[in-house]
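If you want the building blocks of each chain, they are given just below.
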Amino acid sequence: MTARRRLVRVPGSSANLGPGFDVLAAALSLHLELEVTEIGEFEVDPGVDGVPTDRTHLCVRAFEDLHPADGLRFQVTSEIPLARGLGSSAAAIVAGLMAADHLYELGLGHDEVYAKAVEIEGHPDNVAAAVYGGFVLCPRPEGGGGALPRPVRLEPPEGVEGILVIPIDEVPTSAARAALPAAVALEDAVENVAAAAQLVLGIERSDLALIRRGLTDRLHQPHRAALYERSLELVAEAQSLGAIGATISGAGPTVLVWSFWQDSGKVSAALEERCSGWAEVRRVPFSPLGADVPEL
């Protein structure tokens, strides 16, 4: 009998996107692949050092939320750096759920995978981008309770590319969350609402001027300055380097630099010079595609 096998491919993501804290995210052409094969015993190859090789691995934990992992081998290959604000946890969770769903033909739709992944991850933005691809806006349940609404998906804006500046240092999401205040000033909240509205409209219309004005944030990035000072300095300098603008990716410290495609070469070169010695620069397009099972 032929052993069952599934390969799942899930994109990384950048969340918050400036003013869209816990609401906006974008899928990136940076992927995690999970191969699950029946071999008669349990085994995990995480692909990198320092990652669990037992049932506490996120891919396996998510898989076992739907079906036991006995007798299976989990092989993980990932381009997504860990603890850099690029949705590595969300990608692993989505990959585990998708693998279980397809290997055992559970019949879950993307909306069900999304809801289950949010239960495990705790936040919808990275999960939504990983599942659906493109840009996503994640509404909250009405009145703070009830079922989680389906994300609103937008196609990536035409002509806009992402360039990642990935610092050597890691920042745990828990530390980034702890740096946020319990309350914010009304003026800051209003500024973020205005910026987020322009950003969403700019993405939908592929309007570079609206996107540029919509990348500002006063809710989360300034309060995390002590965690990644150089990253925030780069956000402030991005336009002077020829970019549309820049945002901290998720909890950081990675910086997502937004660039018009014709300028991306010179912007990347300027970033390489600016960040030499403390960060890696990668030209990573936004991805219109979400989680997929390319091989059965």
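What counts and what doesn't
Residues numbered from 1 in each chain as written. Predicted model: local features only at pLDDT ≥ 70, side-chain atom pairs only at ≥ 80, totals over all residues. Heavy atoms only, no water. 1 Å grid on protein atoms, 1.4 Å probe; cavity = no way out; pocket = protein on both sides within 12 Å on 5 of 7 lines; lining within 4 Å. Points joined across faces, edges and corners; volume = space filled by probe spheres on them. Helix = DSSP H or I, 4+ residues; strand = E, 2+ residues; numbered from the N terminus. Nonpolar A, V, L, I, M, F, W, Y, C, P; charged D, E, K, R; others polar. Expected span 1.5 Å × (residues − 1). Buried < 20%, exposed > 50% of the residue type's maximum accessible area, 1.4 Å probe, protein only. Arc of directions from axis to C-beta. Contact = heavy atoms within 4.5 Å. Polar contact = N/O pair within 3.5 Å; in protein donor to acceptor, adjacent residues only side chain to side chain.

**What about the layout of surface pockets?**
Here comes step 1: Taken as a whole, the largest pocket spans an internal volume of roughly 860 Å³.
Here comes step 2: Lining the largest pocket are 45 residues, with Leu82, Ala83, Gly87, Ser88 and Ser89 positioned closest to its centre.
Here comes step 3: Every element with two or more residues in the lining of the largest pocket is listed here: helix 1 (58-63), strand 4 (72-78), helix 2 (88-103), helix 4 (124-132) and helix 5 (173-178).
Here comes step 4: It is helix 2 that contributes the most residues to the lining of the largest pocket, four residues altogether.
Here comes step 5: If you add up the space inside the second largest pocket, you get close to 220 Å³.
Here comes step 6: Taken together, Arg212, Leu215, Thr216, Asp217, Gln221, Pro222, Leu232, Val235, Ala236, Gln239, Gly245 and Ala246 form the lining of the second largest pocket.
Here comes step 7: Of all the elements, helix 8 (residues 229-237) adds the most residues to the lining of the second largest pocket, at three residues.
Here comes step 8: By residue class, the composition of the lining of the second largest pocket is six nonpolar, four polar and two charged.

**A closer look at helix 3 (residues 110-121)**
Here comes step 1: Helix length check: helix 3 (12 residues) gives 16 Å between terminal C-alpha atoms against 16 Å at 1.5 Å per residue, within 8%.
Here comes step 2: Turning to helix 3, its buried residues number three or more, namely Val113, Tyr114, Ala117 and Val118. In a view along the axis of helix 3, the buried residues occupy a sector of 135 degrees, so they form one face of it.
Here comes step 3: Looking at the buried side of helix 3, the elements it contacts are helix 2 and helix 4.
Here comes step 4: One or two residues past the end of helix 3 sits Gly122, with phi positive at roughly 100 degrees.

**Some thoughts on the side chain of Asn16**
Here comes step 1: Relative to the helices and strands, Asn16 resides in the loop between strand 1 (5-15) and strand 2 (24-38).
Here comes step 2: Since its relative accessible area comes to 3%, Asn16 is described here as buried.
Here comes step 3: In terms of polar contacts, Asn16 uses its side chain to reach the backbone amide nitrogen of Asp22, at 2.9 Å.
Here comes step 4: Every residue in contact with Asn16, bar those within four places of it in the chain, is listed here: Phe21, Asp22, Leu24, Asp125, His220, Arg224 and Gly250.

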